[in-house]
Every structure is written in structure tokens, then in C-alpha cells.
Amino acid sequence: MIKSNELYKVICASKYFTSDEIKNIYAQGYNDFGENQVQSMIEKMDVLKDLNITWHFIGHLQTNKVKYMINRIDMLHTLDRISLAKMIQKHANHKIDCMIQVNISQETQKSGVLLENLAEFLIEIKNYDKINIVGFMTMGVFDDIERTNDIFHQMNILKEKYQYPYLSMGMTDDYEVAIKHHATHLRIGRLFKTMIK
Ligand SMILES: *Cc1c(COP(=O)(O)O)cnc(C)c1O
């Protein structure tokens, strides 16, 4: 099973797993967990509060849920619109490390800032002092490893251009491609099913 190293962190995308299963994965040496839904993340955080877990939020975040979670997570991977930044600014009691979700594939059903709007977004976001941009996040294209390869390549170019330290990309089916393009945070879910005892 893939483990974190000096190049990348392996985040267990734990939407598939109960708190007991997370304990099991944690016991096998994984400290980073990523959740997609605010309610289930908070429930798991409460149950697992004695473990030294780094919590990532990796799902679409509704503005009305921000106040329940923003001061409890270690990193938000899915900052994708200014209205969300406004809500974070309102409720955060410290600077929050955020990655900007970028929609490079231009698939309309996907969230994320479009490439053509990114420069403007980065200027606008400077007005929010509770937001600390640390990198970019994206999703590959389902069942299309060639397009995914191209998207991850473009993401690495963006990271170099803007000089942010982090790049969150790569899941069970495409994490090797993500590593090739210098991902720093892999979000891996289904693959962990194989190691639960
Ligand atoms: C579920 C999920 C993952 C992990 O997906 P797998 O294909 O199960 O590895 C990664 N990122 C996000 C945003 C997810 O929702």
C-alpha cells in the first residue's frame, strides 16, 4: 500500500469508511484523512478526537456549512468561488490553508475555477486575510487516463507559474499519473478497502 514520503502525502479519502475503519487505517500508519461531507466529517472528528489526525476537507463545500467546520480542519482543498471565501472570512478564527480547486477539463458538471478565470480569482482572493492559498487541487477525467495525464501536466505548470507549494491530485485510478506530475497530496479512497482488517 502506498505511503506518504518526502514528495507527497497520502490522504485517505474516508467517505467510504466508518470511524472504526478509520481507526484501523490509522493504526497502520496513516494520519491524513479527507472527508467530502460536513456532517459525517464532524461526527467522525468527534468520535476520533483522541487520535492525532490531520483532517482535510475535499468535497464540495456549501457556504451555509462553513461555520460548523472551518475552524476544525487542517486544510481545505476545494476553495472554488468567492462567495465561499467570504463565508470563510466571516467565520474563521485563524488563517485557513486552502487549495484552489481548478476545473481544467472544462467539464461543466465539475466545480472549480476555470483556467480563464484563475488569474483574476487569485487577485481577488488577496482581499481575504483569513485565507492562505497553498496550492491547487483538481480531479482527473473518469476512465480517460490520457486526458487525465494532460490535465495533471497542466496543473504542474500552474503550480510552477504561481509558485505555490502544493498540488492535490490523484485518486485510486490515477495516482501514479499524479505522482509523475509532481502531486504533493494524493487523495486515495477505494484502494484502502484492500487493507482494512
Ligand atoms: C472519493 C474521492 C476521492 C478518492 O476516490 P477513489 O477513486 O476512491 O480513490 C478523491 N477525491 C475526492 C474529492 C473524492 O470525493
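As the structure is a computational prediction, the values presented were derived from the model and not from experiment. (Residues numbered from 1 in each chain as written. Predicted model: local features only at pLDDT ≥ 70, side-chain atom pairs only at ≥ 80, totals over all residues. Heavy atoms only, no water.)

### A look at the site of the ligand
The ligand sits among Ala13, Lys15, Tyr16, Asn36, Ile58, Met139, Met171, Thr172, Arg187, Ile188, Gly189 and Arg190. In this structure, asparagine 36 approaches the ligand through a side-chain N or O atom, which is 2.6 Å from an oxygen atom. Within the side chain of arginine 190, a nitrogen or oxygen atom sits 2.7 Å from an oxygen atom of the ligand. In isolation the ligand has 390 Å² of accessible area, and contact with the protein removes 93% of it. Per-class residue counts for the shell around the ligand are six nonpolar, three polar and three charged. (Near = heavy atom within 4 Å. Polar contact = N/O pair within 3.5 Å; in protein donor to acceptor, adjacent residues only side chain to side chain. Areas by Shrake-Rupley, 256 points an atom, 1.4 Å probe, with all protein chains shown as cover. Nonpolar A, V, L, I, M, F, W, Y, C, P; charged D, E, K, R; others polar.)

### Description of helix H6 (residues 145-162)
The end-to-end C-alpha distance of H6, which contains 18 residues, comes to 26 Å, matching closely the 26 Å that a straight helix rising 1.5 Å per residue would cover. Within H6, the full set of buried residues consists of Thr148, Ile151, Phe152, Met155, Asn156, Leu158 and Lys159. Buried residues in H6, looked at end-on, bunch into an arc of 155°, giving them a common side. The outward face of H6, more than 90 degrees from its buried face, is lined by the exposed residues Glu146 and Lys161. The elements touched by buried residues of H6 are strand E5 (96-103), helix H5 (115-125), strand E7 (131-137), strand E8 (166-168) and helix H7 (175-180). Positive backbone phi, at 60°, marks glutamine 163, one or two positions downstream of H6. (Helix = DSSP H or I, 4+ residues; strand = E, 2+ residues; numbered from the N terminus. Expected span 1.5 Å × (residues − 1). Buried < 20%, exposed > 50% of the residue type's maximum accessible area, 1.4 Å probe, protein only. Arc of directions from axis to C-beta. Contact = heavy atoms within 4.5 Å.)

### Some words on helix H2 (residues 38-47)
Within the sequence span of H2, burial applies to Val38, Met41, Ile42, Lys44 and Met45. Down the axis, H2 shows its buried residues gathered within 165° of arc, on one side only. Looking at H2, the residues exposed on the side facing more than 90 degrees away from the buried face are Gln39 and Val47. Buried residues in H2 make contact with helix H1 (19-27), strand E2 (32-35), strand E3 (54-57) and helix H3 (66-69).

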